[in-house]
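# Close look at the chain arrangement
So you can see what is in the structure, the chains are spelled out below.
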Amino acid sequence: MRALVLLCCFVASFLLPGQAELQVSASGGTEDVGNLLENHFSAGDASLEEKERELLAEAAPQEKNLLLHSPDGREAESSEKTATGASTAAPSPGSDPEASLSNASASAAPGDPVELPGANSFTPEEEAEDVSEEAPLRDRSHIEKTLMLDEDKPADDYSVVLQRLRKIYHSSIKPLEQSYKYNELRQHEITDGEITSKPMVLFIGPWSVGKSTMINYLLGLENTRYQLYTGAEPTTSEFTVLMHGPKLKTIEGIVMAADSARSFSPLEKFGQNFLEKLIGIEVPHKLLERVTFVDTPGIIENRKQQERGYPFNDVCQWFIDRADLIFVVFDPTKLDVGLELEMLFRQLKGRESQIRIILNKADNLATQMLMRVYGALFWSLAPLINVTEPPRVYVSSFWPQDYKPDTHRDLFLKEEISLLEDLNQVIENRLENKIAFIRQHAIRVRIHALLVDRYLQTYKDKMTFFSDGELVFKDIVEDPDKFYIFKTILAKTNVSKFDLPNREAYKDFFGINPISSFKLLSQQCSYMGGCFLEKIERAITHELPGLLGSLGLGKNPGALNCDKTGCGETPKNRYRKH
């Protein structure tokens, strides 16, 4: 028995130096020959020669070869070459690897790739095919069709209408606005650039929900030098304004604020730190000839909200007041509402008709999860939107890649077309919305002037020779209901109670502007220019509705010139019964 054990150890020591490095190619992995020997020697039911033959057969290279899959069927060809040329490709255990490499290169034909022994190599054509394989892009024909980008008709000339609108504003509205310092109450100054500006579409929402990617998709800027930078991390830290231009051009915020011809000159009041975070990009795109896109920094909910370096909420309010359409973008992973987003929805109050809520990246979810996320989004936004009708939520995936398989492709496409139709409607109603905006501004200026006039009239009535002017007016400002300030305006003028401003705002307004610096409305008249109040009322009731009615009747906007109608003449109002 002892002699048999010694004989086994001798045979094992002879086989191990030459076979220990061999590996068995199989699906389950590799085993060392030494372990196989130990396992086989542990069974004593066969002879030693039979065990040796079984071990050598198992250690021999198998015909099955694990290769990378090639799309053109070169896997079988490589396997045949490996099987037939194993003696020439694989070096013997005692041979020199450099000699084998030199022999292989010498035997290969000129221009053929040389395969290293034991390596899975591919040709350059295979590598190019692997690199060129990308995700398929979706069709963009519905975007061009809905937004009418494929039509070659010339753009309508609205310069005459805008010139007349600007004349009405400067002659009938702005004098009363400046006389009673309305801009210090609302912080909304209308410039000539804002009157002639294109419709503005504002993109707001949490960080990395796809706002910049959506702009790239709508404009077709992906994989071009015009595209906005996107990524999974918070990437947009500036307010980016995309405008039309003859060539690609980047404009710094300081230059945009200094240019009075643009509508962004009032942004200078937010400080130089903000102007460094404002950037304009001119792109020669047909859609930007009719609309302006504004990409905003993503909302990041953390404890350090004051580290932006500029009044973020005030800047957002400035853009919200001037936006014709507001896209509030979410994705399935960012549905929570923090302090900054809650403040933003408070600023959107009163503009519910301009808000479009978008649930982006919807093709990443299955049907059941999509329904749950849709309900969770409504649950998060319900306390923030105080309207009777629920807001419209568009569910889709706005990026150039094709929809994920086994998703609701038809639903996502219909939702996307509906959103594009809303965008096209804003573009088509550009003049109507601009005239309605100026008229709404005139109504607010008129109400403000009536309130200041009533404060001043009450102050003069309560003042006596021995009265202290500051104490008298302080009593009026602290409790205006005691002197029927607001009730008198509602009773004697055609003003709705829902249009009255906040009473607390006038405490700050008169704290900056003393009441003695204003004049009564009855004193704001001249023999040549007329009364300020009469001029703004005529603009509200006749001039602006007449200009709007001329567009609604389908007249050519270019036909409304001063030679035919007269700029000082009151146009006919189609809503008035003659």
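Residues numbered from 1 in each chain as written. Predicted model: local features only at pLDDT ≥ 70, side-chain atom pairs only at ≥ 80, totals over all residues. Heavy atoms only, no water.

As named in an unreviewed UniProt entry, the chain is Sarcalumenin, taken from Phyllostomus discolor.

A tally of regular secondary structure across the chain gives 23 helices and 10 strands. Counting only residues that meet the buried cut, the chain has 38% of its 578 residues in that class. For the chain, the share of sequence-separated contacts (at least 6 apart) that also reach a separation of at least 24 residues comes to 77%. For the chain, the exposed area adds up to about 33,700 Å²; of that, 52% sits on carbon and sulfur atoms. (Helix = DSSP H or I, 4+ residues; strand = E, 2+ residues; numbered from the N terminus. Buried < 20%, exposed > 50% of the residue type's maximum accessible area, 1.4 Å probe, protein only. Contact = heavy atoms within 4.5 Å. Areas by Shrake-Rupley, 256 points an atom, 1.4 Å probe, with all protein chains shown as cover.)

Another point: the pattern of salt bridges. Tallied over the full model, the rule gives 18 salt bridges. The shortest N-O distance in the salt bridge between K507 and E504 comes to 3.1 Å. K507 sits in the partly exposed class, given a relative accessible area of 26%. Each of D259, R262 and E282 takes part in a single network of salt bridges with overlapping partners. (Salt bridge = Lys/Arg side-chain N within 4 Å of Asp/Glu carboxyl O.)

With that settled, the discussion passes to the packing of aromatic side chains. Each aromatic ring pair is characterised by the separation of its centres together with the angle its planes make. Evaluation of the coordinates by the stated rule reveals 24 aromatic pairs. Judged by centre distance (5.1 Å) and plane angle (80 degrees), the rings of W318 and F319 are edge-to-face. Taken together through their ring pairs, the aromatic side chains of Y180, Y455, Y459, F473, Y506, F509, F510 and F518 make up a single cluster. Sitting over the face of the ring of W207, K334 holds its NZ or CZ atom 4.4 Å from the ring centroid. Over the aromatic face of F486 sits the side chain of R503, whose NZ or CZ is 4.6 Å from the ring centroid. (Phe/Tyr/Trp six-rings, centres within 6.5 Å; stacked < 30°, edge-to-face > 60°. Lys NZ or Arg CZ within 6 Å of the ring centre and 35° of its normal.)

A few words on a negative patch on the surface. Taken together, the side chains of D139, E144, D150 and D152 make up a negatively charged region of the molecular surface. Relative to the helices and strands, D152 resides in the loop between α8 (141-146) and α9 (159-179). By relative accessible area, which is 74% here, D152 ends up exposed. (Patch = residues over 30% accessible without salt bridge, like charges linked within 9 Å, V, L, I, M, F, W, Y side chains within 5 Å. Lys, Arg positive; Asp, Glu negative; His and termini not counted. Charge placed at Lys NZ, Arg CZ, Asp CG, Glu CD.)

Cysteine pairs can be covalently joined through their sulfur atoms, and such a bond is termed a disulfide. All chains considered together, the criterion is met by one disulfide. The residue that forms a disulfide with C525 is C531, at a sulfur-sulfur distance of 2.0 Å. Negative torsions about the S-S bond denote left-handed disulfides, and the value of about 115 degrees found for C525 with C531 makes this one right-handed. Taking the relative accessible area as the measure of exposure, C525 reaches 33% and is therefore partly exposed. (Disulfide = S-S within 2.5 Å.)

Before going further, it helps to spend a moment on the packing of helix α19 (residues 430-462) against helix α20 (residues 469-478). Following both chains from N to C, one finds α19 and α20 inclined at 135 degrees, their axes separated by 10 Å at the closest point. When the axis of α19 is compared with that of α20, the two are oblique. α19 and α20 meet at a crossing whose hand is right-handed. Two secondary-structure elements touch here, α19 through Y455, T458, Y459 and K462 and α20 through G469, V472, F473, I476 and V477. The residue makeup of the contact of α19 with α20, split by class, is six nonpolar, two polar and one charged. (Axes fitted to C-alpha atoms, helices over the stretch in contact; angles between N-to-C directions. Parallel < 35°, antiparallel > 145°, perpendicular 65-115°, else oblique. Left-handed = near helix turned anticlockwise from the far one by under 90°. Nonpolar A, V, L, I, M, F, W, Y, C, P; charged D, E, K, R; others polar.)

Ordered in space as β3-β4-β2-β5-β1-β6-β7-β8, the eight strands form an open sheet in which the pairing is mixed. Each of the sheet's edge strands pairs with one partner strand only, and the pair in question is β3 (249-252) and β8 (393-395). Averaged over all adjacent pairs, the angle separating strand axes in this sheet is 20 degrees, with direction ignored. The strands that helix α17 (residues 367-381) touches are β6 (325-330), β7 (355-359) and β8; relative to β7, the one it contacts most, it runs at about 145 degrees. (Pairing = 2+ DSSP bridges.)

Soluble, globular proteins show a tendency: their nonpolar side chains are buried together. Counting residues in each nonpolar core, the largest one holds 50 residues, and the members touching the most others are I438, Y455, Y506, F510, I515, F518 and I536. Of all the secondary-structure elements, those providing two or more residues to this core are α9, α19, α20, α21 (485-492), α22 (505-512) and α23 (532-552). The element best represented in this core is α19, accounting for 14 residues. Excluding its chain neighbours within four sequence positions, the residues that come into contact with I515 are V452, Y455, L456, Y459, F473 and F510. One finds I251, I299, V373 and V395 within the second-largest nonpolar core, a separate group that totals 47 residues. (Core = buried A, V, L, I, M, F, W, Y, C linked by side-chain atoms within 4.5 Å.)

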